[in-house]
Amino acid sequence: MVSHSVWIVGTSRSGKTARLVEQFCNWVKAEKQYTESFYTKKPGRKKSGYVAEFLDIKQTEMGVLVLAANDDNRRELGDIIVTSTLGKYPVRAKTPLGFFQDEVILFWPLLINSLNLKAQFPVRLRPETEQELATKLWRPQLDEEILRLAGVNESRLVRRILDLLQLAAYSGVPCEDIAQILARGLKENNTTLEPEFLASLLLDWRNWCLERGLLTYGIITELYSQYLLSDRNYQQHLTKRYQAVLADDVDDYPSVARLLFELLLDQGAVGAFSYNPDGAVRLGLGADPNYLEGLAGRCRVEILTGPPPESLGEQLTKQMVELVTEPMLLLSLPEIVHSIQTTSRAQLLRQTAEVIADAIQSKQVEAEQVAIIAPGLDAIARYTLVEILVKQNIQVQSLNDQRPLVSSPIIRALLTMLALVYPGLGRLVDRDAVAEMLVVLSRKQQLPENSTDAINRVSTDIDPVRAGLIADYCFLPHPDRPNLLPISAFERWDRIGYAATTAYNQILQWLEEQRSQQELRLIPSPISLLDRAIQRFLWNGSNLPYEQLAALRELLETAQHYWEIDTRLRQIAPVETTPHATIIEFIQLLRRGTITANPYPVRPIGGVRKAVTLATIFQYRSSRRSHRWHFWLDAGSPLWAKGGAATLFGAPFFLRDRLGEPWTAEDEKLAEEQRLQRILADLLSRVSERIYLCHSDLAVNGQEQLGPLLPLVNACVTHSVI
């Protein structure tokens, strides 16, 4: 073979991705050179090495499998490769889970035969739909005694059980072996539920989904690892399609990815892998960096030793780690590290925002060069920081700020509209909801200035006060047919005003039109009705803010998905329910706040958005960003060493190097120390000029903060706020 597989090791921003792309370009260049020489030499010359294998697959889908740790990195890696090869080589970059999903759907007929499944096209469940259906399936078995033993509510318990299936699938463990692993791992813990009981619930759930052709991330990964990867027909197709694999940041990949890589390498493919010893961002969420590191033994190892460009990592990492691990050391940090210290957290948030605003306004730093990073961001902190900075004309970009969809007024208004059109939904609407709907649906009509439509050119907005009066006097509650009465039902309707009256009459007329269609059995589906309402009241040819567009799009996508699943379930097992029961369940699902707006990101024209970045540690590290200035918020919080929401229940039991071993207090302490050291090394590699450690003596709950970074706060210069 002309070339060997490459294992690239380096810290954050050390050039690992660039080296991967360079390796890819070398493969493409070698293939091109061989192609040219092959056709200019004597006929019959034998091809050799991996270049020949590239030629053998030129007519197939793609010769190189390109993988990235998450969706953002996938898009960036794909763009870099296309740019580096001038777009002459087709590339489909995927995440590991995205690749598993594509393969399972592509080879679904093969799985139908091997598992004796019903011949139907598979449908993927969203996590919120997965949880709702699993809750319905398990509810008869999750009685009050079970919930008491678990110590959590029903929703949390269902999510925890479903996560076990996902963790097992990521580690390559069959669903049938979950009980055995949990029994070994939990043998010293008698406060949890019986492993056999949990495993039986998961088996019932998996079989129930497969009977209906429903797929979750856990089921997809299990099908791929347990059935496709071991199938000889699939192996032949896989090795013909991919003769090389390019995988970035494999320290964030699940164990199953190594099984895939080893299969390809065994069949003669070449690989290039990048690994960050300070990474492992998704450790606790299914990643298994230690197991993936075993691939290094099959590759030529390259260690990128150069320090990251313009980084404080080399200067500060060793010193900070020593201070954290040995707090008694009397060391002082250099002046590039400052601290902002207050008594209360409210003071801390205000002073932090003021320091950032002063620095930006005095041109010391640009907004896009500043990042605020916290172990956890509550709504109060997020709102306070954004409010203060925006008042100073400084924009703030929250990374992956997935607020519940129902938190948007336009979404709540559309749900209220559904309850007023369809019968039997009256208990889901009240006067306050109607008033809000009237305000939202009476947006201004933005027509050209030369328009002759005088009525639409004037403001037709209904302000909150008038909306409240209309709801008080014109809304008629009813469990089956809630109704809006004509404006004349309000004795002093003249107080409403012409513009608001006109807007109300337009809304009333539109609702009556939809109801009349319902009486004639011509009422559209809820998806079509939502689209009609958006086009009629919200769009109006004007440009909506991006956040509102994202929420509306997510609402329509969620509705489409929800009714697709409902249709599939009714096809398999028709059930007698009350009219429009699905709409009731849909509205209740949204109001529980389990669905968030997660739109395809829009990239700003001209490069980076000019805004301060606001993120949790996990979000920031996952994004692989870097900034000149860092503000580490709540530096005294104990959460800096904790996994928090980034660690799933039972995750340590499914790591391949300790499968099923009990997780002791000593293990947890060691894991926290290692996690903190990785966080420090990673963040320091992503800042180039200055760090502010922002600490308040008291947390939000009034308790004193004595977290692991407190020695750092005490060892640096305190910033004075004038």
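About the criteria used
Residues numbered from 1 in each chain as written. Predicted model: local features only at pLDDT ≥ 70, side-chain atom pairs only at ≥ 80, totals over all residues. Heavy atoms only, no water. Phe/Tyr/Trp six-rings, centres within 6.5 Å; stacked < 30°, edge-to-face > 60°. Buried < 20%, exposed > 50% of the residue type's maximum accessible area, 1.4 Å probe, protein only. Helix = DSSP H or I, 4+ residues; strand = E, 2+ residues; numbered from the N terminus. Lys NZ or Arg CZ within 6 Å of the ring centre and 35° of its normal. Axes fitted to C-alpha atoms, helices over the stretch in contact; angles between N-to-C directions. Parallel < 35°, antiparallel > 145°, perpendicular 65-115°, else oblique. Left-handed = near helix turned anticlockwise from the far one by under 90°. Contact = heavy atoms within 4.5 Å. Nonpolar A, V, L, I, M, F, W, Y, C, P; charged D, E, K, R; others polar. Pairing = 2+ DSSP bridges.

**Remarks on the packing of aromatic side chains**
Here is step 1 of the chain: Taken as a whole and judged by the stated rule, the model has 21 aromatic pairs.
Here is step 2 of the chain: Between Tyr 253 and Phe 261, the aromatic rings sit 6.3 Å apart at their centres with planes inclined by 45 degrees, giving tilted as the arrangement. Just as Tyr 253 is buried, Phe 261 falls in that class too.
Here is step 3 of the chain: Between Phe 631 and Tyr 692 the ring centres are 4.5 Å apart and the planes differ by 0 degrees, which places this aromatic pair in the stacked class. Within this pair, whereas Phe 631 is found in strand β15 (residues 627-632), its partner Tyr 692 is found in strand β16 (residues 687-696), the two being separated by 61 residues in sequence.
Here is step 4 of the chain: When its relative accessible area of 0% is taken as the criterion, Phe 631 is described as buried.
Here is step 5 of the chain: When its relative accessible area of 1% is taken as the criterion, Tyr 692 is described as buried.
Here is step 6 of the chain: The aromatic ring of Phe 649 is capped on one face by Arg 160, whose charged end is 4.6 Å from the ring centroid.
Here is step 7 of the chain: The lysine or arginine in question, Arg 258, covers the ring of Tyr 291, its NZ or CZ lying 4.4 Å from the ring centre.

**Looking at the packing of helix α5 (residues 108-115) against helix α11 (residues 217-228)**
Here is step 1 of the chain: The geometry of α5 relative to α11 is characterised by a closest axis approach of 12 Å and an angle of 70 degrees between their N-to-C directions. When the axes of α5 and α11 are compared, the pair comes out roughly perpendicular. Classified by chirality, the crossing of α11 by α5 is left-handed. Across the interface between the two elements, Trp 108, Leu 110, Leu 111 and Leu 115 of α5 pack against Leu 223, Tyr 227 and Leu 228 of α11.
Here is step 2 of the chain: Residue composition of the contact of α5 with α11, grouped by class: seven nonpolar, no polar and no charged.

**Section: the pairing of strand β7 (residues 270-275)**
Here is step 1 of the chain: Burial within β7 is extensive, with six of its six residues counted as buried.
Here is step 2 of the chain: Burial of the side chains of β7 extends over both faces: Val 270, Ala 272 and Ser 274 are buried on one face and Gly 271, Phe 273 and Tyr 275 on the other.
Here is step 3 of the chain: Pairing geometry for strand β1 (residues 6-9) and β7, over four bridges, is parallel. Bridge pairing links Val 6 to Ala 272 in β7.
Here is step 4 of the chain: One ladder, built from four bridges, connects strand β6 (residues 244-247) with β7; its direction is parallel. Residue pairing for β7: Ala 244 is matched across the bridge by Val 270.

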